[in-house]
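Topology and contacts: notes
Residue strings, one per chain:
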Amino acid sequence: MDAERRVALVTGASSGIGKSTAVKLAARGWQVIGVGRDPERSAAAEAEIAAAAPAGGFCMVRADFTLMAEVKRVADEVGGRTGYIDVLVNNAGGVRDRQYITAEGTEATFAANHLAPFLLTRELMPLLKASAASRPSGTTRVIAVSSTAHRMIDALDFDDLQSLGGFQPAFAYGRAKLANILFTRELARRAEPEGIVAQVMHPGLVASNFASHGDEGMRTYMASAAAVSPDEPAETLAWLATEPAGGHPGGRYFYQQAEETPSAAAQDDAAARRLWAESETLLAKLGF
Ligand SMILES: NC(=O)c1ccc[n+]([C@@H]2O[C@H](COP(=O)([O-])OP(=O)(O)OC[C@H]3O[C@@H](n4cnc5c(N)ncnc54)[C@H](OP(=O)(O)O)[C@@H]3O)[C@@H](O)[C@H]2O)c1
């Protein structure tokens with residue numbers, strides 16, 4: 001890769017917000033690596049994003065992020081393609097129609113929305129540090145895509161972090177999206193001395209493929225609500241990735257290119273520290 005060129009890794013690039021974000025960064029001349037899951041959506045998105053990119057400016061890696069072995073494989077593969085990452089956009093995720101327990105024994109909503117970006121960020125930390133060592137301060141960034149659904153949750157239940165008992169899809173999703181904000185707060189604190197900035201945003205209600213993975217109630221709700229194009233939150237993500245506004249201080253929550261205040265539960269630093277420790281413990285039990 002050309003060392004002058006900015007490199008971004010965008011997860012969930014096969015559809016919706018992630019695809020549009022990858023197009024926008026590629027069109028700005030960035031080298032973009034996307035992660036997609038579904039073979040057909042990934043192939044179609046790869047063609048679309050590559051058409052917006054300079055020659056060789058985009059490639060897609062495929063993985064199912066409910067499985068931590070797949071997340072680790074992606075991190076290793078990305079490390080084989082680039083020596084640094086300037087911006088990591090942890091966007092992949094969404095709601096499910098019911099509880100799924102993965103082959104690794106985790107709950108799928110929690111695994112894909114929280115555990116996967118947690119592990120991916122940890123595994124890519126050497127590449128993020130390599131960027132921070134040679135770029136202007138505050139331009140190496142990790143950006144999470146959360147949701148207003150985090151407001152449904154008063155506090156994380158550390159006795160059942162994965163929603164293994166009494167599973168309700170929307171609440172499991174809300175907990176995972178609350179975890180995105182808490183993770184970002186703690187990451188921002190830990191990565192600040194390294195010169196790496198972590199921010200989180202919510203995209204609003206977006207007309208993407210999101211609802212198709214949810215239950216009937218979610219599909220009905222999404223169909224009846226006024227939704228924006230994925231291009232709108234993607235513009236905020238590209239802005240957070242490239243503009244000074246997305247720099248220091250980290251740990252901030254954004255919507256439509258402006259800072260907002262998340263729920264009280266999302267500002268609980270003790271919960272953020274505990275979530276970090278519990279996530280490390282869970283990953284260690286899984287062998288990561
Ligand atoms: N749409 C909304 O109204 C809304 C609102 C708030 C927050 N969000 C958040 O915005 C983010 C992007 O969603 P979207 O609206 O763009 O929905 P989308 O069109 O369904 O795109 C989701 C992306 O994430 C990928 N993904 C989902 N689960 C995955 C898994 N287990 N492993 C690997 N990749 C996975 C999908 O891959 P495939 O398509 O290849 O399967 C797709 O690329 C999500 O984190 C979502 O929670 C969306």
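Structure's up top.
What you see is a predicted model; the values in this text were computed from it and never measured. (Residues numbered from 1 in each chain as written. Predicted model: local features only at pLDDT ≥ 70, side-chain atom pairs only at ≥ 80, totals over all residues. Heavy atoms only, no water.)

1. What about the nonpolar core?
Using the following cut-off: The term nonpolar core refers to a set of buried residues drawn from Ala, Val, Leu, Ile, Met, Phe, Trp, Tyr and Cys, joined through side-chain atoms within 4.5 Å. Using a 1.4 Å probe on the protein chains alone, a residue whose accessible area is under 20% of its type maximum counts as buried, one over 50% counts as exposed, and one in between counts as partly exposed. Only DSSP runs of H or I covering at least 4 residues are called helices, and only runs of E covering at least 2 are called strands; the numbering of each starts at the N terminus.
Counting residues in hydrophobic clusters, the biggest one holds 52 residues, and the most contacted among them are Leu 9, Leu 120 and Leu 124. If you list the elements that add at least two residues to this core, you get strand S2 (31-36), strand S3 (58-62), helix H3 (68-81), helix H4 (108-134), strand S5 (140-145), helix H5 (169-191), strand S6 (196-201) and helix H8 (269-286). Of the residues forming this core, the biggest block, twelve residues, is contributed by H4.

2. What about the environment of Pro 117?
Put simply, the rule is: A contact between two residues is defined here by any heavy atoms of the two lying within 4.5 Å.
Within the secondary structure, Pro 117 is located in helix H4. With relative accessibility at 10%, the residue Pro 117 sits in the buried group. Once the C-alpha coordinates of Pro 117 and Asn 90 are considered, the two residues, 27 residues apart in sequence, prove to be 5.9 Å apart. Beyond its immediate chain neighbours, meaning those up to four positions away, Pro 117 contacts Asn 90, Ala 112 and Phe 183.

3. Notes on the packing of aromatic side chains
Test applied: Stacked, tilted and edge-to-face are the three classes applied to pairs of Phe, Tyr and Trp rings, where Trp contributes its six-membered ring and a pair requires centres within 6.5 Å; stacked means planes under 30 degrees apart, edge-to-face means over 60, and tilted covers the rest. Only when the NZ atom of a Lys or the CZ atom of an Arg is both within 6 Å of the ring centre and within 35 degrees of the ring normal do we say a charge sits over the ring.
Inspection of every chain in the model, using the stated rule, returns five aromatic pairs. Geometrically, the ring pair formed by Phe 118 and Trp 276 is edge-to-face, given 4.9 Å between the ring centres and 70° between the ring planes. One end of the pair, Phe 118, is in helix H4; the other, Trp 276, is in helix H8, and 158 residues separate them in sequence. Exposure remark for Phe 118: the relative accessible area of 2% places this residue in the buried category. Aromatic ring contacts, followed pair by pair, group Phe 118, Phe 183 and Trp 276 into a single cluster. Note that Arg 96 overlies the ring of Tyr 100, its terminal NZ or CZ placed 4.2 Å from the centroid. A cation over a ring is seen here: Arg 98 above Tyr 100, with NZ or CZ 4.0 Å from the ring centre.

4. Points about the site of the ligand
Quick note on the threshold: Working definition: residue near molecule or strand if any one of its non-hydrogen atoms lies within 4 Å of it. Polar contacts here mean pairs of N or O atoms no more than 3.5 Å apart (in protein, one a potential hydrogen donor and the other a potential acceptor; neighbouring residues in sequence count only if both atoms are side-chain atoms). In these tables, accessible area is a Shrake-Rupley quantity obtained with a 1.4 Å probe, and a residue counts as shielded only by the protein chains included in the view. Only Asp, Glu, Lys and Arg are considered charged, only Ala, Val, Leu, Ile, Met, Phe, Trp, Tyr, Cys and Pro nonpolar, and every remaining residue, Gly among them, polar.
Within the structure, the ligand sits among 32 residues, and Ser 14, Ser 15, Phe 65, Tyr 173 and Ser 208 are positioned closest to it. At 2.6 Å, a side-chain N or O of Ser 15 approaches an oxygen atom of the ligand. Val 206 is positioned with one of its backbone polar atoms (N or O) 2.8 Å from an oxygen atom of the ligand. Within the complex, 97% of the 880 Å² of free accessible area of the ligand lies under protein. Elements supplying a minimum of two residues to the shell around the ligand: helix H1 (16-27) and H5. The residue inventory of the shell around the ligand, partitioned by class, reads 13 nonpolar, 14 polar and five charged.

5. Looking at helix H2 (residues 39-52)
We count it as follows: One fewer than the residue count of a helix, multiplied by 1.5 Å, yields its expected span.
Between its first and last C-alpha, H2 extends 20 Å over 14 residues, near the 20 Å set by a 1.5 Å rise per residue. Tucked inside the fold, the buried residues of H2 contact H1, S2 and S3.

6. Some thoughts on unusual backbone geometry
Residue Pro 249 follows His 248 across a cis peptide bond; omega there is -5°. As for its placement among the helices and strands, Pro 249 is situated in the loop between helix H7 (231-242) and strand S7 (253-255). Look at Gln 256: it is not a glycine, yet its phi comes out positive at around 50°. Residue position: Gln 256 is located in the loop between S7 and strand S8 (258-260). Residue class for Gln 256 comes out partly exposed when judged on its relative accessible area of 42%. A positive phi angle is found at Gln 257, which is not glycine, with a value near 60°.

7. Some points on H5
In a regular helix each residue adds 1.5 Å, so 23 residues correspond to 33 Å; H5 covers 32 Å between its end C-alpha atoms and thus fits that length. Here H5 lies mainly inside the structure; 17 of its 23 residues are buried.

8. Some points on the sheet that holds S8
Where we set the bar: A pair of strands is treated as paired once DSSP finds two or more bridges between them. Here the axes come from fitting lines to C-alpha atoms, over the contacting stretch only for helices, and the angles between their N-to-C directions go from 0 to 180 degrees.
Read from one edge of the open sheet, eight strands run S3-S2-S1-S4-S5-S6-S7-S8, paired in mixed fashion. The sheet is open, and its two edges are formed by S3 and S8, each paired on a single side. In this sheet, adjacent strand axes meet at a mean angle of 25° when their direction is disregarded. Both strand S4 (residues 87-90) and S5 contribute to a ladder of four bridges, which runs parallel. Looking at S5, one finds that Leu 88 is bridged to Val 142. Packing of H1 onto the sheet brings it into contact with strand S1 (7-11), S2 and S3, and relative to S1 it is tilted by some 170°. Sheet contacts for H7: S4, S5, S6, S7 and S8; angle to S5, the most-contacted strand, approximately 155°.

9. Focus on the pattern of salt bridges
What counts here: In the sections that follow, a salt bridge refers to a side-chain nitrogen of Lys or Arg positioned within 4 Å of a carboxyl oxygen of Asp or Glu.
Taken as a whole and judged by the stated rule, the model has 17 salt bridges. Glu 48 serves as the salt-bridge partner of Lys 19, at 3.1 Å between the closest nitrogen and oxygen. One end of the pair, Lys 19, is in helix H1; the other, Glu 48, is in helix H2, with 29 residues separating them in the sequence. Here Lys 19 falls in the partly exposed class, since its relative accessible area comes to 22%. When the shortest N-O distance is used, the salt bridge between Arg 252 and Glu 259 registers 3.2 Å. Where salt bridges share partners, they join Lys 72, Asp 76, Arg 122, Glu 123 and Glu 280 into one cluster.

By themselves, these observations are geometric and do not establish any function.
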